[in-house]
Structure formats: structure tokens, C-alpha cells
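Observations on the model geometry
One letter stands for each residue in the lines below.
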Amino acid sequence: MLVHGGGAELSGWCERLGLVPRFEGELRVTDAATLEVATAVLAGLANKRWVATLRAAGVDAVGLAALDGGVCDVVGHPDAATLGEVGAVQSVNVALLDTLLRRGSVPVLASIGAHGGRLLNLNADDLAAALASALGAPLVLLTDHTGADNRRRAGAVAGSRGARSRARALRRAGRHGGEAPGGARGARRWCGTRRDRGMERTRLLTALVAGAGRGTVFGAAADASRASESVGALHG
């Protein structure tokens, strides 16, 4: 399974449409207009680009958003007064994902949810952590950010034991690149909470996926070998 955001592409489309991207700390402020663009870009263009790239590599990818098939039960974000139309994953229903995975398909999930009939933007790394925890799956961070694309440093992150040491390795990788991108910052937040979510197996890999756009994605698979196979397909 692959979970993606698309923050850079979303910001680019907002700017084209005359909307100024705003952030509160590490999180995007999503007003009504930005939510419409986010839904179109993340659940539309970005998601279908990933599906097309995977299918061209021989992977039976199926594009979804977090709201489709009731995969995620979402509520308003605790900081919605500041962040706007943003949600938080309350629970995960793995039935649809299990069906797809058992037949050999790879779900590709965009970080758009809904609550009470209202669309909500989701943080992709939080979504990925919730899904991996619900599936009992290893979590793979795949990024092409300059702060983490050095294989030696990526290997140091993947080889670190424990949440604190891995977070320190990610901070060093971010400093080396001159900027810690939003996806990497989110990964650091996830590293700090992964034990609370019951996840013990993680991987960090780097790749530049032609045609799939720049950014950070998270993948979960039923076992570590299948995760490696999926990432291998992305490398081509």
C-alpha cells in the first residue's frame, strides 16, 4: 500500500490560482478554497499519476482517497480553529484494503478524508502511520528530498534503533540538505510516536521516481519482503 500527500504540488497550484499557501508551524492552513484545490490535486492529479507510474511498472495499483470505502473514520483536527478544513484519523477500517491486498493489488491512498459529508485535508504521514498500525505492517518512508537523498545518511536513519535515535538521524539528514522538508518533519513526528502506535518495523529508502512528482510518500505492506518488492518496482 502506498500513501501520498503532495504538498509542493498543492502549493504550486494554489499559487497559480492566486491563493497564498499558509502554514501554522509544520501544518498547512486549509481554508475552503485551498481545500477544493487540495482535493483536486491530491485525490486527482497526484493520485492518478502515482497509479499510472505503478501500473507502468507492472504493479496492479488501485487509486483511492482515505474517505473511499470508509477506509478511515475522520474527525475535525483538534487545532481546526487555526488550521481550518483539516481532519485527524480517528479509526481505520481495513476491510477494503485487505480485499485489495489479498487479490494482489496495491492501494494508493491520497490524504483526503471526510466527516459528516464534509471533505477534510489530512496530514499524509499521520494517515500512513494510522494505516500501518491498523494493518500491522512495516512502514517505508520513500523520499527524494535533498535532505535525505544521500544513501549513507538514509542508511543511518533506517539502521537506527528506537524512536529517539531515528529522529536524531533524520534531523542530521535534514541539516545536511540545508532544509528539513515538510515530509521529513512529519516523519520525525511519526518517529516520536511510532511505539505508541505499536509499530516496530520501519524502513527509509530514497528514490527519484520519474513522472510521479517530487515529495515524500509512505508505503505499508503485509510483510517486509513485499514492501521491498513494491519499492523495487518504483525504482524500475
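Cut-off values and rules
Residues numbered from 1 in each chain as written. Predicted model: local features only at pLDDT ≥ 70, side-chain atom pairs only at ≥ 80, totals over all residues. Heavy atoms only, no water. Helix = DSSP H or I, 4+ residues; strand = E, 2+ residues; numbered from the N terminus. Buried < 20%, exposed > 50% of the residue type's maximum accessible area, 1.4 Å probe, protein only. Contact = heavy atoms within 4.5 Å. Areas by Shrake-Rupley, 256 points an atom, 1.4 Å probe, with all protein chains shown as cover. Arc of directions from axis to C-beta. pLDDT = per-residue confidence, 0-100. Pairing = 2+ DSSP bridges.

Right, let's get into the overall build of the protein chain. Counting its regular elements, the protein chain contains nine helices and twelve strands. A burial count over the protein chain gives 46% of its 236 residues as buried. For the protein chain, long-range pairs separated by at least 24 residues make up 73% of all intrachain contacts whose partners lie at least 6 apart in sequence. Approximately 10,900 Å² of the protein chain is accessible, and the part contributed by carbon and sulfur atoms is 50%.

Our focus in this paragraph is the side chain of T34. Mapped onto the elements of the fold, T34 is located in helix 2 (residues 32-56). Ignoring sequence-local partners within four residues, the contact set of T34 consists of L10, C14, L19, R28 and V29.

On to the environment of G7. Relative to the elements of secondary structure, G7 occurs in helix 1 (residues 7-16). On the accessibility criterion, G7 (36% relative accessible area) is partly exposed.

With that out of the way, let us pick up helix 1. What helix 1 keeps buried is the set L10, S11 and C14. Buried residues along helix 1 cover an arc of 100° about the axis, so they all sit on one side. Exposed and facing more than 90 degrees away from the buried side of helix 1 are A8, E15 and R16. For helix 1, the elements touching its buried residues are strand 2 (23-24), strand 3 (27-28) and helix 2. One or two positions beyond helix 1, positive phi appears at G18, with a value near 80°.

A separate point is the confidence of the model for the protein chain. Taken as a whole, the protein chain shows an average pLDDT of 75; of its residues, 60% reach a score of 70 or greater. A low-confidence stretch, residues 169-184 (pLDDT under 50), is modelled with 25 contacts involving residues beyond four sequence positions or located in other chains. Between residues 222-228, whose pLDDT stays under 50, and residues either more than four places distant or in other chains, the model counts ten contacts.

This brings us to the pairing of strand 9 (residues 118-121). Note that strand 8 (residues 112-115) and strand 9 share four bridges and pair antiparallel. What sits directly across from H115, in strand 9, is R118. Hairpin connection of strand 8 to strand 9: two residues between the antiparallel strands, including G116 at a positive phi of 60°.

By secondary structure assignment, the location of A114 is in strand 8. Relative accessible area serves as the criterion here: at 26%, A114 is assigned to the partly exposed category. Between the C-alpha atoms of A114 and A88, which are 26 residues apart in sequence, the distance is 9.7 Å. If we ignore the near neighbours within four places in the chain, the residues touching A114 are L67, V74, L119 and L120.

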